[in-house]
Amino acid sequence: MTGAIVVGFVDATVSGHAGDWAVARAAATGAAVELLAIVGGAVGAVGEEQVLDAALAHATDAVAAEAARLGDRGVAVSTRVDHGNPVAALVEASAHAELVVIGGESRGSGRRGLHGARIAAAAHSPVVVVPAADASGSGVVVGVDGSDVSDAAITFAAAEAARLGEPLRVVSAWTPVAVPGDFGLYPDLYLTDLAAIATANVDAVVQRVAAAHPDLAVTGDALEGDPATALEEAGAGAALLVVGSHGRGAFARFVLGSVSEHVVGALPTVTAVVR
C-alpha cells in the first residue's frame, strides 16, 4: 500500500492511541491507513504450528475489531496479519509507507520500548511513536544539530506545524567539551562563544523556516546542557516532538543516535523520528 500510514498493531491499549493518531492525520491529509499485526516468536518447537494458527486467528479478530472502531472516521482502513519478526516486518513495510506509527512506552517498560527504538532506527520512512498516556499539548518542537538528518527533521516538523496550525519551536543544546577528571572552570570566552555559535545556528534555521512558511509562527532556543535532556524537557508540553535518526550502515541502522534513543525511551509526547 504505497503512501499509506502503516500502524504497527498489538492487542494493547497503546495501539489504540497509535491508531487514533494515525487516523486523525490521515483524515487531514487524505492518506489511507493500514493496520499491520505480526505474530512473532516461532522457533520450531513441537506443537508450535497449532499455537501459531491460534495466535494468527486471535490477531486477525483483534485487528479487524480495531479497523471497525477506526473505520467510521472517513478514512480507508485496511488490515494485514502475518507471522515473523515484528521489527523486520515494520521496517520492510516502511519502504512503501508515508509514515510508520507505533505505540510506545516510557523508559523502563522493557521489550516494547526496545522494539520501538529498533524500528525507528532502521525504518525507511519517518516513524511516529505515540505514548500510552495522554500526550495532548500544543506546538511542535524540533531538535537541530546542523546535520543533514537535522535538516530532514526540520522539513518534517515545519510541514506538520503548518498543517496543524501550531507554532514551531526550534531547539538546539550546547555543552562544553567533556574532560575527564577535575578539569576546573571553563574560560568565560569559550562558553560565550559556544553559546553564540549555537544561537547563530538556531537563528539561521528559524529564518529559513520562516521564509518557506511565512504564515508559521517560528521561535528558536539555544539551551545550555545535555541535548537529550533539553529535548525531553522541551517536548513535554508539545503536541509533537521531532528528532533525527543518525543510524548508518548495516549495524547502525538498528541503533538510534544517543539523543534520539533517549527521547524515544523517555517519550515525553508523540515523537517523530526522521531519517
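Residues numbered from 1 in each chain as written. Predicted model: local features only at pLDDT ≥ 70, side-chain atom pairs only at ≥ 80, totals over all residues. Heavy atoms only, no water.

Colleague: In this structure, what is going on with the overall build of the chain? I would like to understand it.
Modeller: In terms of regular secondary structure, the chain is built from nine helices and 10 strands. Among the 275 residues that make up the chain, the fraction classed as buried is 43%. Contacts spanning at least 24 positions in sequence make up 81% of the contacts within the chain whose residues lie at least 6 apart. Entry remark: accessible area of the chain is about 13100 Å², with carbon and sulfur atoms responsible for 56%. (Helix = DSSP H or I, 4+ residues; strand = E, 2+ residues; numbered from the N terminus. Buried < 20%, exposed > 50% of the residue type's maximum accessible area, 1.4 Å probe, protein only. Contact = heavy atoms within 4.5 Å. Areas by Shrake-Rupley, 256 points an atom, 1.4 Å probe, with all protein chains shown as cover.)

Colleague: Looking at this structure, I do not really get the pattern of salt bridges. What am I missing?
Modeller: Any two side chains of opposite charge can pair, so long as their charged atoms come close to each other. Applying the stated rule across the entire model yields 10 salt bridges. Between Arg25 and Glu98 there is a salt bridge, with its nearest N and O atoms 2.6 Å apart. One end of the pair, Arg25, is in helix α1 (residues 13-29); the other, Glu98, is in strand β4 (residues 97-104), with 73 residues separating them in the sequence. Overall, Arg25 belongs to the buried group, its relative accessible area being 8%. Using a relative accessible area of 29% as the deciding quantity, one classes Glu98 as partly exposed. Ionic pairing is found between Asp221 and Arg169, a salt bridge with its closest N-O pair at 2.7 Å. Placement of the pair is Asp221 in strand β8 (residues 218-224) and Arg169 in strand β7 (residues 168-174), with a sequence separation of 52 residues. By relative accessible area, Asp221 is classed as partly exposed at 26%. For Arg169, a relative accessible area of 27% corresponds to the partly exposed category. Where salt bridges share partners, they join Asp20, Glu66, Arg69, Asp72 and Arg73 into one cluster. (Salt bridge = Lys/Arg side-chain N within 4 Å of Asp/Glu carboxyl O.)

Colleague: Teacher, can you tell me more about the packing of helix α7 (residues 227-235) against helix α9 (residues 258-266) here?
Modeller: The description of two packed helices rests on the angle between their axes and on the distance between the axes. Closest axis-to-axis distance for the α7/α9 pair is 9 Å, and the angle between their directions is 35 degrees. α7 and α9 meet at a crossing whose hand is right-handed. Facing α7, whose interface residues are Pro227, Ala228, Thr229, Leu231 and Glu232, α9 presents Val259, His262, Val263 and Ala266. The class makeup of the residues in the contact of α7 with α9 is six nonpolar, two polar and one charged. (Axes fitted to C-alpha atoms, helices over the stretch in contact; angles between N-to-C directions. Left-handed = near helix turned anticlockwise from the far one by under 90°. Nonpolar A, V, L, I, M, F, W, Y, C, P; charged D, E, K, R; others polar.)

Colleague: Would you explain the sheet that holds strand β6 (residues 140-143) in this entry?
Modeller: Hydrogen bonds between backbone groups are what pair the strands of a sheet, and the pairing can be parallel or antiparallel. With mixed pairing, the 10 strands of this open sheet are ordered in space as β3-β2-β1-β4-β5-β10-β9-β6-β7-β8. In the strand order of this sheet, the two ends are held by β3 (77-83) and β8, each with one partner. Within the sheet, the average angular offset between the axes of one strand and its neighbour, ignoring direction, is 25 degrees. Both strand β5 (residues 127-131) and strand β10 (residues 271-274) contribute to a ladder of three bridges, which runs antiparallel. Residue pairing for β10: Val128 is matched across the bridge by Ala272. The sheet strands contacting helix α6 (residues 188-212) are β7 and β8, and the helix crosses β8 at an angle near 160 degrees. (Pairing = 2+ DSSP bridges.)

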